Each structure stands twice: as C-alpha cells, then as structure tokens.
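Coordinates in review
Chain by chain, the residues:
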Amino acid sequence: MDVTENLTNIQQDIRQACENSNRLSEEITLIAVTKYVTIERTEEAIQAGISNLGENRLEGFSEKYSHFENRAKWHFIGTLQSRKVKDIIDNVDMIHSLDRLSLAKEINKRASNIVDCFVQVNVSGEDSKHGVMPDEVHSFIKDIAKYPNVHVVGLMTMAPHIDDEQVLRNVFRKLASLRDEISAQQYSHAPCNYLSMGMSNDFKIAIEEGATHIRIGTKLVGEVEK
Ligand SMILES: *Cc1c(COP(=O)(O)O)cnc(C)c1O
C-alpha cells in the first residue's frame, strides 16, 4: 500500500478516536516510525505530508537524519545507551526513552540546549520492557531537576503486545493518571503535559485515553520494503 493511502486511513481513525473522546485531532502528533524501512520509503512518507520521524536505533537515526536533516522533526524512541547520546543529541527534537538518571546526566552533559524528553514508564511491569516503575516516577522526575538541560515534557509507555482492549485501556489510563499527578506539581523542569503512547495496533485506544504523540510504523510505512 502506498503511504498516502495508509496516512488517509490513519487520519480517519485519529479523527474517529478524537470524536469518541471529545478531543481535537490537532492535539495529536503523528510520528512515522521508519525503523523498518528504506530512505525511499521514508521519502514517500515525507511527500505524503509526514513531518515527524521516529527511529529506535542510532544507526537508523543517523542514516535517516543525514539524508533528510531539517525536512522533519526527529524523535528518538528506543533504548538509548549513554555512550551514544553524543551522536544524536544535536539532531534530536525529542527523546521518548528517558529511563534512568545516568542517561539524564549524560544528556545534560552533552546537550548545548534544553532537550525535550519523555520519561518512559514500564506500566505493564513486564520484565522485557524498559522504563521506570510507576511508583518510582515521582522521585525520578524530582531528581531530574538537577540536570538543567533535561526538560520532561511528558510520559511514554509501550503497551503489551496483545489484543485485549481492556488491558490496553488500563495501561494507557494508568499512564494518563501518572501524567496528571506530575503536571499538577508544576515543576518548572517537568511540565509533563504530553503522553507518548499508541502504536499500529492500539493507537485508537491510546488516543481515547489521552495520547498526544502516537508512534506508528507498520500501519503507516509498512514493516519491510515490498
Ligand atoms: C517500533 C516501535 C513503534 C512502532 O511500532 P508499530 O507496531 O510498527 O507501529 C513504536 N514505538 C516504539 C518504541 C517502537 O520501537
């Protein structure tokens, strides 16, 4: 399927989910996750009107960035090793995977400006998932105040890979309520207004539960180049 067609379908779903939950579709930022696909396929996405790209590994990020540069906004969505921070920091618009203080420290040290970050939360508690545990999010975010180049704009999670709508909804709801608790604190270093949640399989539910940033790969650009 071409990206334009996929995008039309996704935009339709976004509108529907927003209608269901009394939200405006302008509140939603669609990030095209291009980790599976080529430069050519990514170019199609940009031609179709996509302006936010997400990559989860340094290699993919660097390859795509060096090609497209400021034709897109850049989201780093994968586990980030501290020693790789210096390689992305000047080019990234948002980091979605801040999950430990040592990483915040390294971002703070390497950044020449304030960097917008999402704190990744392991809501589902699966061992395989990265992220701060829900009951540690408050103290984690408080501790980040000592790193002035790190700005916590929101929380991010990955839901379990299942079809049970109620379980997914509960995961997203939990992240939204944590976000509400943090933003109520009005920390100057952590406004925490955003929610990065929702992928190909679950973005409609995520939007209904308050997502502001959705990260879509498979349904938008495809899994592998065909
Ligand atoms: C791969 C990936 C996505 C996109 O997943 P799809 O199911 O292909 O839409 C979103 N977020 C993260 C963190 C990812 O690694």
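Just above, that's the structure.
Before going into details, it helps to say that this report is about the structure given with it. Note that the structure is a prediction, hence the values are computed from the model and not measured.

Here we look at the packing of aromatic side chains
- According to the stated counting rule, one finds four aromatic pairs in the structure shown.
- On the numbers, 5.7 Å between centres and 70° between planes, the contact of phenylalanine 61 with tryptophan 74 is edge-to-face. Within this pair, whereas phenylalanine 61 is found in helix H3 (residues 58-68), its partner tryptophan 74 is found in strand E3 (residues 73-76), the two being separated by 13 residues in sequence. The pair formed by phenylalanine 61 and tryptophan 74 is uniform in burial state, with each residue classed as buried.
- Aromatic pair tyrosine 65 and tryptophan 74: ring centres 5.4 Å apart, planes at 65°, arrangement edge-to-face. Each member of the pair, tyrosine 65 together with tryptophan 74, is buried.

Concerning the environment of alanine 104
- Residue position: alanine 104 is located in helix H5 (residues 101-110).
- Among the residues examined, alanine 104 registers a relative accessible area of 0% and is labelled buried.
- Distance in space between the C-alpha atoms of alanine 104 and proline 148 is 9.7 Å, their sequence separation being 44 residues.
- Not counting the four nearest positions on each side in its chain, alanine 104 is found in contact with Leu98, Ile144, Tyr147 and Val150.

Quick look at the pattern of salt bridges
- On inspection of all chains with the given rule, the structure shows 14 salt bridges.
- Note that arginine 23 is salt-bridged to glutamate 27, the shortest N-O span being 3.0 Å.
- Note on arginine 23: relative accessible area 15%, which makes it buried.
- One salt bridge in this structure joins arginine 169 and glutamate 209, with 2.8 Å as the shortest N-O distance.

Let's talk about the site of the ligand
- The environment of the ligand is formed by Val33, Lys35, Tyr36, Ile77, Met156, Met158, Met199, Ser200, Arg215, Ile216, Gly217 and Thr218.
- Residue lysine 35 places a side-chain N or O atom 2.7 Å away from an oxygen atom belonging to the ligand.
- A distance of 2.8 Å separates a nitrogen atom of the ligand from a polar atom in the side chain of arginine 215.
- Taking 390 Å² as the accessible area of the ligand by itself, protein coverage stands at 94%.
- Its residues placed into classes, the shell around the ligand shows seven nonpolar, three polar and two charged.

A few points about the pairing of strand E6 (residues 150-156)
- Of all seven residues in E6, six are buried, a share of seventy percent or more.
- Following the backbone out of strand E5 (residues 115-120), through helix H6 (residues 137-143) and into the adjacent parallel E6, one traces a crossover that is right-handed.
- Here three bridges tie E6 to strand E7 (residues 194-196), and the two strands are oriented parallel to one another. For glycine 154, the partnering residue across the bridge sits in E7 and is tyrosine 194.

Here's the deal with unusual backbone geometry
- Positive phi values are uncommon outside glycine, yet asparagine 22 reaches one of about 55°.
- Checked against the element boundaries, asparagine 22 lands in the loop between helix H1 (3-20) and strand E1 (29-33).
- The exposure class assigned to asparagine 22 is exposed, which follows from its relative accessible area of 76%.
- Despite not being glycine, cysteine 192 has its phi angle at roughly 50°, a positive value.
- Note that cysteine 192 resides in the loop between helix H7 (165-184) and E7.

What about the environment of isoleucine 77?
- Looking at the element boundaries, isoleucine 77 is found in the loop between E3 and helix H4 (85-88).
- Sequence separation between isoleucine 77 and methionine 133 is 56 residues, and the spatial gap between their C-alpha atoms is 18 Å.
- Filtering out sequence-adjacent residues up to four positions away, isoleucine 77 remains in contact with Val33, Gly54, Glu55, Asn56, His96, Ser97, Met156 and Arg215.

Criteria and thresholds
Residues numbered from 1 in each chain as written. Predicted model: local features only at pLDDT ≥ 70, side-chain atom pairs only at ≥ 80, totals over all residues. Heavy atoms only, no water. Phe/Tyr/Trp six-rings, centres within 6.5 Å; stacked < 30°, edge-to-face > 60°. Helix = DSSP H or I, 4+ residues; strand = E, 2+ residues; numbered from the N terminus. Buried < 20%, exposed > 50% of the residue type's maximum accessible area, 1.4 Å probe, protein only. Contact = heavy atoms within 4.5 Å. Salt bridge = Lys/Arg side-chain N within 4 Å of Asp/Glu carboxyl O. Near = heavy atom within 4 Å. Polar contact = N/O pair within 3.5 Å; in protein donor to acceptor, adjacent residues only side chain to side chain. Areas by Shrake-Rupley, 256 points an atom, 1.4 Å probe, with all protein chains shown as cover. Nonpolar A, V, L, I, M, F, W, Y, C, P; charged D, E, K, R; others polar. Right-handed = clockwise from strand over helix to strand, strands pointing away. Pairing = 2+ DSSP bridges.

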